[in-house]
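Structural overview for review
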Amino acid sequence: MAQNSSPLLRILVPFADIPRWLVVSLGILIWVLVLLGWVAASYGGSIPQMFLPTPGLVFSKTLEMIADGTLYTNTLSSVQVVVYGFIVSSVIAVPLGLWMGTYRVVQSLLEPLVNFIRYLPVTSFVPLFILWIGIGLEERVAIIFFGTFFQQLVMISTAANSVSRDLVNASYTLGTKRHEVVWHVIFPAALPSILDTLRVTMGWAWTYLVVAELVAASSGLGYISMRAMRGFQVEIIFLAILTIGLLGLIMDQTFRLIRLKLAPWA
Amino acid sequence: MLARTPVAPPPPAAPSSERPKTLAESHSASLAIENVTLRYGGPKGVLAVDDISFAVAPNEFTVIVGPSGCGKSSLLYLVAGLTELSEGVIRVNDVVVDRPGPDRGMVFQGYTLFPWLTVRQNVEYGLKRKKIAVAERNVIVEQYLDAVGLYQFADHFPAQLSGGMKQRVAIARALANDPGVLLMDEPFGALDSQTRSTMQKLLLKVWEQRQKTVLFVTHDIDEAILLGDRVIVMTARPGRIKADIRVDIPRPRSMDLVMEPDFIALKRRILGLLHDEIDEDH
């Protein structure tokens, strides 16, 4: 049926492949449309400058903040918070998740607690953490940790638990001892899923960043957004949002490459 | 036992000062299954294997056939130590076994190659667990990769291989570990018939070169007669031994055997035994 259709109709065949140039063009098109809409709305004057800055204004502000170094310091501060929180969380969640998925006793102990905490909104812990930890870097790192750790734990535990029993059995018949199974079989077998989990939760960690910086911070992209709001500097808020988005994209692609490198078989 | 033809040493896999391990160094164990019973779900549960006893001599190739669900795979898992038996004793070289170990290698019906390891690393896996030195490891791995004809795929990942190739690696992986007993659970069951007969030929060749005590489970009677020194026919669930038949067909055997009158007579006999079981079952 697909063979007789015209090229125009063929792109409407369910699941059909489309040419590479079309994929790229469509990806660019959506951004051009968004930009055009922005240009029309801001320069056209239908929305006041106070609420929607012109692209030109955001661009000149960007250059200004690059020149005086504020964009760099605040970006660095935010990256630091996310990376610290994410690393501390992952370093604990990966081994613990593997044990949880492998040993029913660990699962039975942790799951009731983890499933409770997992559904609590991170924001509800901000006041508590400020009270306990103060308003330093540690508090922001704690927010990121809290937002990612329990999700990671559950996802990694599921990955470990879904490792094929046949693989484990095969490893036994080749001389693997019980205590070696987690390291020699479960971990490598679950590695592709673990790396996927880390990639997804890294994205979530970024979304908690602004929450962490909204209340208690003296630097960071979320912090400058809050300050800009008080001074009606919408262009800075736009700049902060764009920067967070861009950094998220870079992190995501980095993780994609790491996965290709560490788990080339899957 | 059958008189066997002299064994030709395998061709050297790679230029190496060390001579590849030959049959003399490969070891075979005896296997004794004594009053083994398996009941699923406690003392009042389903009886899967009912009081089975038989012994397998070193280097003997024993095939178990039976209607599906007769517990023939369960029996193999019991010998491997992967399932706990309810009653009875299993001995390898007169030593009671109660847990899995590298002395009983196994080739599974499904694909169980480690996907994160290359073909070479898969074959090497058991040798590494045994802490065998790198140099010796390499010699053994190359020899077995060569024996299953996958030398040029050594650096491929399992995902890049066809089903038949995966099972060839699985056989090489089990043999490289030099287990006293090799357990094979319908290893060719998932393959198309063309590939299956290629694999049978390969297994015949490899086994006739370096013999091993083998316990092989299948539901394919041609396969059972072609490969086995002995065919054990099991009853429908609960599994018991219905017949224990010696296959007096000289080796080396070839695929043409299936046309021979001896072969056909034996096949008719086993089929008859199996049909009784299936008819009783339905």
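Residues numbered from 1 in each chain as written. Chains lettered and ligands numbered in written order. Predicted model: local features only at pLDDT ≥ 70, side-chain atom pairs only at ≥ 80, totals over all residues.

**Focus: the sheet that holds strand β5 (residues 95-96) of chain B**
Residues and elements named next belong to chain B.
- The sheet built from 4 strands is open, its strands ordered β2-β1-β4-β5 with antiparallel pairing. Edge positions in the open sheet fall to β2 (46-56) and β5, since each of these has one partner strand only.
- Inspection of the sheet shows strand β1 (residues 31-40) paired to strand β4 (residues 87-92) by 5 bridges, in the antiparallel sense. For Ala-32, the partnering residue across the bridge sits in β4 and is Arg-91. (Pairing = 2+ DSSP bridges. Helix = DSSP H or I, 4+ residues; strand = E, 2+ residues; numbered from the N terminus.)

**Details of the interface of chain A and chain B**
- Of the residues lining the interface, 14 residues belong to chain A; the matching set on chain B comes to 21 residues.
- Put simply, the parts of the chain that give the side of chain A that touches chain B at least two residues each are α8 (165-173) and α9 (181-215) of chain A.
- The element that contributes the greatest number of residues to the side of chain A that touches chain B is α8(A), accounting for 6 residues.
- A breakdown of the residues in the side of chain A that touches chain B according to their chemical character gives 9 nonpolar, 4 polar and 1 charged. (Contact = placed C-beta atoms within 7 Å. Nonpolar A, V, L, I, M, F, W, Y, C, P; charged D, E, K, R; others polar.)

**Focus: helix α7 (residues 137-161) of chain A**
Residues and elements named next belong to chain A.
- Between the first and last C-alpha of α7 there are 35 Å, a value that for 25 residues agrees with the 36 Å anticipated at 1.5 Å per step.
- In α7, a bend of some 25° at Thr-148 exceeds every other bend along the element.
- α7 sits mainly inside the fold: 20 of its 25 residues count as buried. (Expected span 1.5 Å × (residues − 1). Bend = angle between axes of the 7 residues up to and from the residue. Buried ≥ 20, exposed ≤ 12 C-beta atoms within 10 Å, placed from the backbone.)

**Focus on the confidence of the model for chain A**
- Within chain A, residue pLDDT values average 91, and 98% of them lie at 70 or more.
- Ranking the elements of chain A by mean pLDDT puts helix α1 (residues 7-10) of chain A last with 78 and α8(A) first with 96. (pLDDT = per-residue confidence, 0-100.)

**Quick look at the environment of Pro100(B)**
- For Pro100(B), the position within the fold is in the loop between β5 and β6 (104-107).
- The buried category is assigned to Pro100(B), around which 25 C-beta atoms lie within 10 Å.
- Spatially, the C-alpha atom of Pro100(B) lies 9.1 Å from that of Leu78(B), the residues being 22 residues apart in sequence.
- In this structure, Pro100(B) is in contact with Tyr172(A), Thr173(A), Ala80(B), Gly81(B) and Leu82(B), ignoring residues within four places of it in sequence.

**Some words on the sheet that holds β6(B)**
Residue and element names in this part refer to chain B.
- A sheet is described by the order of its strands in space; here 6 strands give the open sequence β6-β7-β8-β3-β9-β10, paired in mixed fashion. Across the chains shown, the open sheet's two edge strands, defined by having one partner strand only, are β6 and β10 (241-246). With direction set aside, neighbouring strand axes in the sheet form an average angle of 15°.
- Across 4 bridges, the pairing between strand β3 (residues 61-65) and strand β8 (residues 213-217) is parallel. Within β8, the position partnered with Val-63 by the bridge is Phe-216. (Axes fitted to C-alpha atoms, helices over the stretch in contact; angles between N-to-C directions.)

**Section: the packing of helix α4 (residues 70-102) of chain A against α9(A)**
Residue and element names in this part refer to chain A.
- One can describe the packing of α4 onto α9 by two numbers: an axis separation of 8 Å at closest approach and a directional angle of 145°. Both α4 and α9 take part in a crossing whose hand is right-handed. Contacts between α4 and α9 involve Ser-78, Val-81, Val-82, Gly-85, Phe-86, Ser-90, Val-94, Leu-98, Trp-99 and Thr-102 from the former and Val-182, Ile-186, Phe-187, Ala-190, Ile-194, Leu-198, Met-202, Ala-205, Trp-206, Leu-209, Ala-212 and Glu-213 from the latter.
- Partitioning the contact of α4 with α9 into residue classes produces 17 nonpolar, 4 polar and 1 charged. (Left-handed = near helix turned anticlockwise from the far one by under 90°.)

**What to know about the nonpolar core**
- Within the largest apolar cluster, 130 residues are counted, with the highest numbers of intra-cluster contacts made by Ile144(A), Tyr144(B), Ala172(B) and Leu215(B).
- Apart from the residues lying within four places of it in its own chain, the contact partners of Ile144(A) are Val81(A), Val82(A), Gly85(A), Phe86(A), Ala205(A), Tyr208(A) and Ala212(A). (Core = buried A, V, L, I, M, F, W, Y, C linked by C-beta atoms within 7 Å.)

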